[in-house]
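Here's the letter readout for the chains.
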Amino acid sequence: MYNKFYIQLTIFLASFLSLTDAYSSKDTVVDSLKALLQHELPAKSRVMILSELGREYIFIDIFQAFDYARQSLELADSINYTLGKAHALRTLGSALGENRNYMQGVKMLLDALEVFKQENDVIGVANCYLSLGLLHQKGGAFDKSRQYELLAMDLYRQENNQERLGAILNNISRSHTELGNYDSARYYITEAIKINKNRNLAVLSSNYRILAIIHRHLGDVDKAEEYLNTVVRISDSLEEKANSQALAESHLVLGDIMMGRSRYADAEVHLKKTISIAAAHGYLDLLKKAYYGLFNLLGQRRDYEQSRSMMKEFIKVTDSILHIEQENRLEMVQWYYQNSLQRSQVDMLQKEKFLSDEIISRQRISIILLVVTIALAGLLIFVVVRNGNRQKKLSEKLAEANSTKNKLFSIISHDFRSPINSILGASIFLKNHADKLSKDDLRRMSEDMHKSILNTMRFTENILTWARSQMAAIKPNPVNFNLKQVVENVLEILDDQAHEKGVNVNNMITRDYKAYADKNQIETVIRNLINNAIKFSAADDMIKVAASEKKELIEVTVVDSGVGMSEEMLDNLFRIDTRNSTRGTSGEIGTGLGLIICKEFVENNAGELSVESRLGEGSVFKFTIPSSTDQ
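The rules we used
- Residues numbered from 1 in each chain as written.
- Predicted model: local features only at pLDDT ≥ 70, side-chain atom pairs only at ≥ 80, totals over all residues.
- Heavy atoms only, no water.
- Axes fitted to C-alpha atoms, helices over the stretch in contact; angles between N-to-C directions.
- Helix = DSSP H or I, 4+ residues; strand = E, 2+ residues; numbered from the N terminus.
- Parallel < 35°, antiparallel > 145°, perpendicular 65-115°, else oblique.
- Left-handed = near helix turned anticlockwise from the far one by under 90°.
- Contact = heavy atoms within 4.5 Å.
- Nonpolar A, V, L, I, M, F, W, Y, C, P; charged D, E, K, R; others polar.
- Pairing = 2+ DSSP bridges.
- Buried < 20%, exposed > 50% of the residue type's maximum accessible area, 1.4 Å probe, protein only.
- Arc of directions from axis to C-beta.
- Core = buried A, V, L, I, M, F, W, Y, C linked by side-chain atoms within 4.5 Å.
- Phe/Tyr/Trp six-rings, centres within 6.5 Å; stacked < 30°, edge-to-face > 60°.

**What about the packing of helix H2 (residues 29-37) against helix H3 (residues 43-56)?**
No. 1: The interhelical angle for the contact between H2 and H3, taken along N-to-C directions, is 150°, at an axis separation of 10 Å. One element, H2, and the other, H3, form an angle in the roughly antiparallel class. Crossing handedness for the pair H2 and H3: left-handed. Of the residues in H3, those touching H2 at Val-29, Val-30, Leu-33, Lys-34, Leu-36 and Leu-37 are Arg-46, Ile-49, Leu-50, Glu-52, Leu-53 and Glu-56.
No. 2: Of the residues belonging to the contact of H2 with H3, the class tally is eight nonpolar, no polar and four charged.

**Thoughts on the pairing of strand S6 (residues 609-614)**
No. 1: For S6 and strand S7 (residues 618-626), the ladder comprises six bridges, and the chain directions are antiparallel. Residue pairing across strands places Arg-614 opposite Gly-618, the latter belonging to S7.
No. 2: Here S6 folds back onto S7 in antiparallel fashion, the turn holding three residues, of which Gly-616 has a positive phi close to 85°.

**Examining H2**
No. 1: Those residues of H2 not exposed but buried are Val-30, Ser-32, Leu-33, Leu-36 and Leu-37. Within H2, the buried residues cover an arc of 165° as seen down the axis, which keeps them to one side.

**Side note on the sheet that holds strand S4 (residues 542-550)**
No. 1: The sheet built from five strands is open, its strands ordered S2-S4-S5-S7-S6 with mixed pairing. Where the open sheet ends on each side, the last strands, each with one partner, are strand S2 (504-507) and S6. Neighbour-to-neighbour, the strand axes of this sheet turn through a mean angle of 15°, independent of strand direction.
No. 2: The pairing of S2 with S4 spans four bridges and is parallel. Residue pairing in the sheet places Asn-506 in a bridge with Lys-544 of S4.
No. 3: Where helix H20 (residues 483-501) meets the sheet, its contacts fall on S2, S4 and strand S5 (553-560), and the angle it forms with S2 comes to roughly 170°.
No. 4: The strands touched by helix H21 (residues 519-535) within the sheet are S2, S4, S5 and S7, with S7 carrying the most contacts at an inclination of about 175°.

**Considering the nonpolar core**
No. 1: Core analysis: the biggest nonpolar cluster contains 102 residues, and Tyr-156, Ile-168 and Tyr-208 have the highest contact counts within it.
No. 2: In this structure, Tyr-208 is in contact with Ile-193, Lys-197, Tyr-227, Thr-230, Val-231 and Ile-234, ignoring residues within four places of it in sequence.

**What about the packing of aromatic side chains?**
No. 1: Tallied over the full model, the rule gives five aromatic pairs.
No. 2: Arranged with centres 5.6 Å apart and planes meeting at 35°, the rings of Tyr-57 and Tyr-68 form a pair that is tilted. Note that Tyr-57 is positioned in the loop between H3 and helix H4 (62-79) and Tyr-68 in helix H4, a separation of 11 residues in sequence. As far as the burial class goes, Tyr-57 and Tyr-68 line up, both buried.
No. 3: For the ring pair Tyr-187 and Tyr-188, a centre distance of 5.2 Å and an interplane angle of 70° mean the geometry is edge-to-face.

Here is the structure:
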């Protein structure tokens, strides 16, 4: 049976487009679908068009694809359109998988597959098999991907759906290429090209990219170059609707081929095109490979200064792309968990409603059963409300736990990679060009590596300290200590850092205040606050550390005249589920955990931490700790 969606959508498109003169033969499917959304449409048609738009954007802009699919699912849910949900779930699963969220992607695809099977929608089932095969392929599970791919191929042939058959043949060829079965890969991709030549140019460009990679592995570099140039020509004709991933990878491989032929000018052109496309679409792996290729190319030209500059640019852009990708991925995952919880609650309530209807239908037997049923209905409502409250509390706890987990993963994947990438880049450069560098170059690089290592150590210390506090492994051990001495010790440690930035730090504490708290935890608080003040201050700015007695408490104040904070930043300052890290005045980076640790440690010691700040006018941090009774 043919997919109901494609029949309905084809009829609808044909009837609508025949009534509008805005359509021309040059318009793409994306253009046509977007144009339709500007008009009043039945809700079910909007669901299908949004889902199809999401699919069209999978290889153009993954985050746009996710957004269209999300809109489709939310609309389908609101009108209880089962088949529409299945299409939206499949698109969402594919989008999540393309963004490396494989487990969530597979879960959504299996949910969609179950609906298509219930609806006896053969093409829908085959499409899910295709997408499941692709996700397992990207995850490296090639045996599993082959199983799904062959199931999809058999169903497409059974239904004589040539367009879908061309897509699955492309994926099967890719699996064989990854496994090194080049003869089989070439057979399947040749069949795919025959089908796609007059149907889907974006998929055709992917076909030629795979064929080029196969020929390169077989040693026929000239043939590989010919097919890669074909990908470029097709993509240029499609303009912004091109398969940007295939185009970026083709330029990358062409750059590598040109490098092998010592055609450095041509190689540079292709690598720079890869960087432009990859940066625009967030293809992190391709971006890193292209920058590394330019790094080597400039080294081959003996342009060591530019080569070193390219490595720095590689680190900077990689850090930026990582941040953007991480934020988008975090949004995807958070939405997935929230949506899954909502769907679980809806399913539960639907089951409860079904049970209630069954009971009510049997009430008519007698008055006695009616009374019993009313009682049961009352009990059922009580159970539903109670379970609803429990589910809500569980959802909130789960959301909070997921938020904390995602924040920690975000910190580790983003903030650790930047200094580590910096160290790695410098070490690679030294390995390849150390004998060509001057003493000044070596000194500068060693200083850069030293700073990166110090940053990594600070990150590690903060994250481990925070993690231990979350596991209740850090408990306060209060003792009597001299606050002035602790501040002096901290300032001695941070003196080089302040001196390097030209920041003036004054200890205004003249009295020997006796505090009663965990000395190590309070020292950590003071060190973090002063370190932050230095981080966000510029040359000639002033930082003051002061203290005063307030009844049985000592109030410590750290004042700086640095960049300050906005109201929004202040609102999110101590939240673990919101990214609070910003760069310092000299580009310093951090995890955003330092202030959270400070707040927890102060409160562990029966104190309070507060902050006042205005953007451009500096900040004032204050915290209290108990004073010693042994004065």
